[in-house]
Amino acid sequence: MRATLILAVCATLVGCSPGTPPVPSAPTDTTNSSSHLNLLGYVQVTTDADPLGTQVQWVNPVTLKPQSLDPAAGVQFRAVTAPTPLVNDTVRGERYLHSTLQVHAPGRRNLYLLAMDTPQTISDTAFTSVRNDAGALLGEAVARAVKPAHRMSAPGAAHPAGSDLVVFTEAEIAARTGGGPAPFPWGFAARVCLNSACTAYTRMFDPDSGGMLTYPGRVTLAFKVPLSGASTPRSVSGTFAVYQESGDDIRVTQTTDEQASGTVAGLNAPNAQALPSTFRVTHFPGSSVPFGTRLNAVRTSGPASAPTGTLFAVADPCAAPSGSQDPCFTPVVGRWFGFYGSSMQTSGQNTVIFGEPGGFGMNWESLVGPQRTSDPSVPGYRSSALLLPDRILTGHTVPDMPTQFFQIGRWFIGGATDPAFQAVTVPYELGYELGNAYSDLPLSFHPLTGEDVLVVAPYQQNTAICDGSGCFTYPVDYGLRTLVFTSGGQQATGHPLNDLRASAPTFNQTRSPSCSGYGRVSVTLMDSSTTSTLITFSTQGTGTHTLPRTNILACQIQPNGNTLIVTGGTAPRLLTITGSGVTDVALVPGGFQNRRLETAAFYADGRFVLGAQTSSEPPATAECGPDGACGPLRPVGPLDSSLVAVNIDAAGRPLTLISPMLPPEDGGPPILTLTRWMR
């Protein structure tokens, strides 16, 4: 069948010898040719599953009232009343319906019915009515869901005698239709059959012979609609502008429905290589056709400047396989000052690295976002920072014996002081201020609902005992306390989370990652032995849990109030802390095959990404779930590099910060690389 078809079309159009198969050649691209679309008039066509419901007539495009075509045009249509079976694709949830019109157009060539948006159509579509099986009118949303298609003989199988859909680029429509309202860049092309099955055809009509009204041509209008119960269309009426295009090339379209079978306009021509050279093929993303015109979108509703519907889902240029680099994120490579104790935070569209350059003071550099233009000069003693959507909140200890206090400031990411924020001083001691035994814990910051910020700070309450030899100070209570501040720096004394206290050993423990959410704040304290302490602040008060693990990497508070904690090392664990106890789950039995987990970050959905490191393999990440199951390790850097940090950005995708293991030969700061990955 394919050989017969190709020979027939070739013999008619390009004069090939019927005894020798034509040499495959790519169709000529005539996008910039001088062909023009000449408007002949407008027709209203009803495509109905009931052949008696199919109608066509010339109309006024504004009023849709019937009118006669100028006899000089000599083009007439009439509906074919043969049965037009529906094709329901229950797997993909789609229905295909079609109707066929006979065409009388002596001497014409390349006759198209292009869809039009007129004052009488539904919203910004080409359709004046869409009805369901019961004949009820369906609304705007369904009208926008009607998409042009080839006639289908079965799901995935385009009918070669009814595959008349043609598409254009927006530029072609604008350039070739001249002035006046432009049609949509899609429609249906008339054909003149050269065999009884109409699988061989031309788009040229013979000159009129004797003035007889014959209909040698045909055009099939076909549509794909959602298969959705009572909202499934059975009948579609639309307005079409009738154009004639000059030129000899024959437009054909490979739809997305044909990509699996490899047909082109219903013709069995793998990769379109067997099509005649006059066939001009248009195809879409996912096609294996190596030539022709590829369109990434075809507008089916709305104006060209702001489409409200397209023929198929527009390919996402930022799509890529899971675990690969994000194609729409350019890796950030730079040499920042040598940070000690560096950490990375993300907020909104900004990503910032914090650290202590040279071991003195705290500073930051913007990896993504506004660049630092001035030096904030934050003292490094017990310093901490929180990246807000467009600001940075910092806190540090100011030693002033016998009194110590914390100072909180707010800065622009560029390094300038925020004048709208009043600097805050938080006293360290709550009682008798004497002595110099202080905790080494820095402040921690937690954003609350709105613009309030909760600060967790260590406190110490002392008492003095005096005798004949003098007075001695002893701490009688110490732990953590909360303070809530407004966006302007004033303390929100009436906030339910303000001034909560929890006794805890803050002298022999170091601060681990903390987290907040859903009206709760969890702070972890890690001691030097085998346990850690979790302190939770909420509107119900405070709670303390002893955790059977150390080396805490990340935590997250869930909507139900539970706290999830990920630990690192060679045997990573997931701890779930509830009101009744602690659940301890091994993430990967037996560890990560001599890899050490150095960093972790939670996704919003409770899953998390782990960063693994070893000297014999490249740094890698793996995604894990709350059941302890982890996906495969994926390398995120070269063998001679280390994973500094991993985080999740506002798009919900993991970020990695990679540093070379060996110091630079020039003795300068290391070259850091920030990369975003597909989840």
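Residues numbered from 1 in each chain as written. Predicted model: local features only at pLDDT ≥ 70, side-chain atom pairs only at ≥ 80, totals over all residues. Heavy atoms only, no water.

## Notes on the nonpolar core
- Ranked by size, the top nonpolar core spans 42 residues in total, and within it Phe77, Trp186 and Phe240 carry the most contacts.
- Here this core gets four residues from one element, more than from any other, and that element is strand β15 (residues 217-226).
- With sequence-adjacent residues up to four places away left out, Phe77 is seen in contact with Val43, Val56, Trp58, Leu101, Gln102, Val103, Leu111, Leu113, Tyr215 and Val242. (Core = buried A, V, L, I, M, F, W, Y, C linked by side-chain atoms within 4.5 Å. Buried < 20%, exposed > 50% of the residue type's maximum accessible area, 1.4 Å probe, protein only. Helix = DSSP H or I, 4+ residues; strand = E, 2+ residues; numbered from the N terminus. Contact = heavy atoms within 4.5 Å.)

## Remarks on the confidence of the model for the chain
- Per-residue confidence for the chain averages 83 on the pLDDT scale, and 84% of its residues sit at or above 70.
- Across residues 1-33 the pLDDT falls below 50, and counting only partners more than four positions away or on other chains, this stretch makes 63 contacts in the model.
- Here residues 430-436 is modelled with pLDDT under 50, and outside its nearest four sequence neighbours on either side it reaches 17 contacts, counting other chains as well. (pLDDT = per-residue confidence, 0-100.)

## Things to note about the sheet that holds strand β18 (residues 279-283)
- The strand order across the open sheet formed by three strands is β17-β18-β19, and the pairing between neighbours is parallel. With one partner strand each, in any of the chains shown, β17 (250-253) and β19 (293-294) form the two edges of the open sheet.
- Direction of pairing for β18 relative to β19: parallel, over a ladder of two bridges. Opposite Thr282, over in β19, you have Thr293 as the bridge partner. (Pairing = 2+ DSSP bridges.)

## Some words on the state of the cysteines
- Scanning the model with the defined rule gives three disulfides in all.
- There is a disulfide in this structure between Cys515 and Cys555, and the S-S distance comes to 2.2 Å. In this structure the cystine formed by Cys515 and Cys555 twists about its S-S bond by roughly -130 degrees; its chirality is therefore left-handed. Placement of the pair is Cys515 in strand β35 (residues 515-517) and Cys555 in strand β39 (residues 552-557), with a sequence separation of 40 residues.
- Residue classification places Cys515 among the buried residues on the basis of a relative accessible area of 8%. (Disulfide = S-S within 2.5 Å.)

## Overview of the side chain of Thr46
- Mapped onto the elements, Thr46 comes out in strand β1 (residues 37-48).
- Under the relative-accessibility criterion, Thr46 is labelled buried at 12%.
- A distance of 2.7 Å separates polar atoms of two side chains, one belonging to Thr46 and the other to Ser237.
- For Thr46, the contacting residues outside a window of four places in its chain are Gly53, Thr54, Gln55, Ser99, Ser235, Val236 and Ser237. (Polar contact = N/O pair within 3.5 Å; in protein donor to acceptor, adjacent residues only side chain to side chain.)

## So, the environment of Ile577
- Here Ile577 is to be found in strand β41 (residues 573-578).
- In this structure Ile577 comes out as buried when scored by relative accessible area, which is 4%.
- With 31 residues separating them along the chain, Ile577 and Thr546 place their C-alpha atoms 10.0 Å apart.
- In this structure Ile577 touches Leu534, His545, Leu547, Asn562, Thr563, Ile565 and Val582, once residues within four positions along its chain are discounted.

## Section: the packing of aromatic side chains
- Inspection of every chain in the model, using the stated rule, returns 13 aromatic pairs.
- Consider the rings of Trp58 and Phe77, whose centres lie 5.7 Å apart with planes at 45 degrees: the pair is tilted. Separated by 19 residues along the polypeptide, Trp58 in strand β2 (residues 55-58) and Phe77 in strand β3 (residues 76-79) bring together distant segments of the chain. Side by side, Trp58 and Phe77 carry an identical accessibility label, which is buried.
- Aromatic ring contacts, followed pair by pair, group Phe127, Trp186, Phe188, Phe223 and Phe240 into a single cluster.
- Note that Arg191 overlies the ring of Tyr201, its terminal NZ or CZ placed 4.0 Å from the centroid.
- Positioned over the ring face of Tyr603 is Arg679, at 3.6 Å from the centre of the ring. (Phe/Tyr/Trp six-rings, centres within 6.5 Å; stacked < 30°, edge-to-face > 60°. Lys NZ or Arg CZ within 6 Å of the ring centre and 35° of its normal.)

## Considering the pattern of salt bridges
- Taken as a whole and judged by the stated rule, the model has 27 salt bridges.
- Sharing partners across several salt bridges, the network here consists of Arg92, Glu94, Lys224 and Asp257. (Salt bridge = Lys/Arg side-chain N within 4 Å of Asp/Glu carboxyl O.)

## Comments concerning unusual backbone geometry
- Phi at Asn110 takes a positive value of approximately 50 degrees, unusual for a residue other than glycine.
- Tracing the backbone shows Asn110 in the loop between β5 (94-104) and β6 (111-115).
- Judged by relative accessible area, which is 3%, Asn110 ranks as buried.
- Residue Tyr518 is not a glycine yet carries a positive backbone phi of 55 degrees.
- With respect to the element layout, Tyr518 can be found in the loop between β35 and β36 (520-526).
- The class of Tyr518 is exposed, set by a relative accessible area of 56%.

## Considering the side chain of Gln556
- By secondary structure assignment, the location of Gln556 is in strand β39.
- The class for Gln556 is buried, based on a relative accessible area of 13%.
- Of note is the side chain of Gln556, whose polar atom sits 2.7 Å from the backbone oxygen of Tyr603.
- Beyond its immediate stretch of four places on either side in the chain, Gln556 contacts Cys515, Asn562, Thr563, Leu564, Phe602, Tyr603, Ala604 and Gly606.

## Some thoughts on the sheet that holds β41
- Across the sheet, which stays open at both edges, the four strands sit in the order β39-β40-β41-β42 with antiparallel pairing between neighbours. One side of each edge strand has no neighbouring strand; the edge strands of this open sheet are β39 and β42 (581-586). Averaged over neighbouring strand pairs, the angle between their axes works out to 20 degrees when direction is ignored.
- Pairing of strand β40 (residues 563-567) with β41 involves five bridges; the strand directions are antiparallel. Its bridge partner being in β41, Val566 is matched across the sheet by Leu574. (Axes fitted to C-alpha atoms, helices over the stretch in contact; angles between N-to-C directions.)

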